[in-house]
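# Examining the three-dimensional arrangement
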Amino acid sequence: MSNIKIDQSTQIRQGEELNLEKLNEYLSTQIPDFGQILGIEQFAGGFSNLTYLIKTAEKEYVLRRPPFGANIKSAHDMSREFKVLSLLKPHYPRVPQPIIFCEDESVMGCQFYMMERVNGIIFRGKDALKMSISETIMRKLSENLIDNLADLHLLDIEKTGLINLGKPEGYVQRQVEGWIGRYEKSQTDDIPAMLEIAVWMRANMPRPQAPAFLHNDYKYDNVLLNPDDLTEILGVLDWEMSTVGDPLMDLGASLAYWCEDGDGQFLKSFNITWLKGNLTRKEVVERYAQKTGRDVSDILFYYVFGLYKNTVIMQQIYARWKAGLTKDPRFGGLILGIQELSKMAIKAINRRNL
């Protein structure tokens, strides 16, 4: 069906090694019958929190920790991500079982947590040109991807306790001002489009929506697919930015990743949404509205904000690389993405649609 294999771990990148002795000592005292770690490898995807495969004789676990050199604690809050998984698991089946959270920074120099490993396929943008997936399968998968986002937004935030993860009142304005502030603190280059977008967002705040639980980084490479049925989503990963607020902010974040065939090469290199069979951005919005009953008339704002936020995230990582705080060579090329996404936002504003 596909030449894309189950998501594989590889050799740990230089400078991102874990202290095996300390980790073994800690886990053997905290988890009954844990045994000993026989091997540690690293999952290569992503630009944010680091993800490792922990192998014992009996089981495989996934360990998550903040990136080396990061000092943005709110964006790399391990305790929060662990809490989200713990709250979701009884009500939403597509999350790994959380195992343990470690707040003792003497073990690894930071907080971290472990969860069960769910074996599955992750569709990453770098694999797009190698894929041999039919348009029919791609269509069904893209529909299921949006339906699953709708399922998350339809969770009862009061009954699940998810309401305690955030303060939905004034969420949109806080987000806009917060991300503008983050850009100003991490700015390294003169990009006039970023100032123009900030002015436009402040002048075009949407009407408030009833709050829901948000993933806030929902895209293809954060979902695990069934190797025997590529249209089935087995798990959703990377809950580090999840919260409670306006659900269209979540949809806008997904739309900001959702590139089409005519979009720029940088965004296409990180996505598979431009492959034939996928829904268009317009179709994504229409399907979401049908599934949730939400008013999507202000979706342009949310799309522009999603592009802006993704640009700022790249800017923060690029600024760390430029300052020499991280050596990962991938980060140096993010300046191209910062320029491309900011231009996409301006074009959407000028044409007044997605």
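Residues numbered from 1 in each chain as written. Predicted model: local features only at pLDDT ≥ 70, side-chain atom pairs only at ≥ 80, totals over all residues. Heavy atoms only, no water.

## Here's the deal with the nonpolar core
Grouped together as the largest cluster of nonpolar side chains are 94 residues, with contacts concentrated most on F123, M201, W239 and Y308. In terms of residue count, the dominant contributor to this core is helix α9 (residues 299-322) (13 residues). Counting the residues that make up this core, at least three belong to each of domain 1 (9-116) and domain 2 (121-351). Ranked by size, the runner-up nonpolar core spans 21 residues in total, among them L18, Y26, L50 and Y52. (Core = buried A, V, L, I, M, F, W, Y, C linked by side-chain atoms within 4.5 Å. Buried < 20%, exposed > 50% of the residue type's maximum accessible area, 1.4 Å probe, protein only. Helix = DSSP H or I, 4+ residues; strand = E, 2+ residues; numbered from the N terminus. Domains from an automatic or database assignment.)

## Observations regarding the domain arrangement of the protein
When the domains of the protein are assigned, the result is domain 1 (9-116) and domain 2 (121-351). In this assembly, 28 residues from domain 1 lie in contact with 31 residues from domain 2. Taking both sides of the interface into account, the surface hidden between domain 1 and domain 2 amounts to around 2,500 Å²; carbon and sulfur atoms contribute 56%. At the boundary of domain 1 and domain 2, one finds 4 salt bridges. Here D151 makes a salt bridge to R94, at a shortest N to O gap of 3.9 Å. Counting across the domain 1 and domain 2 interface gives 10 residue pairs in polar contact (both at pLDDT 80 or more). (Contact = heavy atoms within 4.5 Å. Buried area = accessible area lost by both parts, 1.4 Å probe. Salt bridge = Lys/Arg side-chain N within 4 Å of Asp/Glu carboxyl O. Polar contact = N/O pair within 3.5 Å; in protein donor to acceptor, adjacent residues only side chain to side chain.)

## Re the side chain of N310
Within the fold, N310 resides in helix α9. Filtering out sequence-adjacent residues up to four positions away, N310 remains in contact with A253, A256, Y257 and L341.

## Notes on the pairing of strand β2 (residues 50-55)
Of all 6 residues that make up β2, 5 are buried, and the element is covered over most of its length. As judged from the 4 bridges shared by strand β1 (residues 39-42) and β2, these two strands associate in the antiparallel manner. Bridging across to β2, G39 finds its partner in K55. Pairing of β2 with strand β3 (residues 60-65), which is carried by 6 bridges, proceeds in the antiparallel orientation. Paired with Y52 across the strands is L63, a residue of β3. Linking two consecutive strands that pair antiparallel, namely β2 and β3, is a turn of 4 residues. (Pairing = 2+ DSSP bridges.)

## Thoughts on the sheet that holds β3
Pairing is antiparallel in the open sheet, where 5 strands are placed in the order β1-β2-β3-β5-β4. Of all the strands in the sheet, the pair left with one neighbour each is β1 and β4 (98-102). Between one strand axis and the next, the sheet turns by 25° as a mean value, whatever way the strands run. Sheet strands in contact with helix α2 (residues 78-88) are β3, β4 and β5 (112-116), and its direction is about 155° off that of β4. (Axes fitted to C-alpha atoms, helices over the stretch in contact; angles between N-to-C directions.)

## Side note on the packing of aromatic side chains
On inspection of all chains with the given rule, the structure shows 12 aromatic pairs. Measuring from centroid to centroid gives 5.8 Å for Y318 and W321, while their planes differ by 25°, and the two rings are stacked. Remark: W321 and Y318 occur in helix α9; sequence separation between them is 3 residues, near one turn of the helix. Owing to a relative accessible area of 7%, Y318 belongs among the buried residues under this scheme. Classification of W321 by relative accessible area gives partly exposed; the value is 31%. (Phe/Tyr/Trp six-rings, centres within 6.5 Å; stacked < 30°, edge-to-face > 60°.)

## Some words on the side chain of E340
Position of E340 among the secondary structure elements: in helix α10 (residues 334-351). This buried residue, E340, is left without a salt bridge; K343 holds the nearest opposite charge, at 8.3 Å. Not counting residues up to four positions away in its chain, the partners in contact with E340 are G264, Q265, F266 and L267. (Lys, Arg positive; Asp, Glu negative; His and termini not counted.)

## Considerations on the environment of L87
Residue position: L87 is located in helix α2. With residues up to four places along the chain from it excluded, the contact list for L87 reads T160, G161, L162 and L165.

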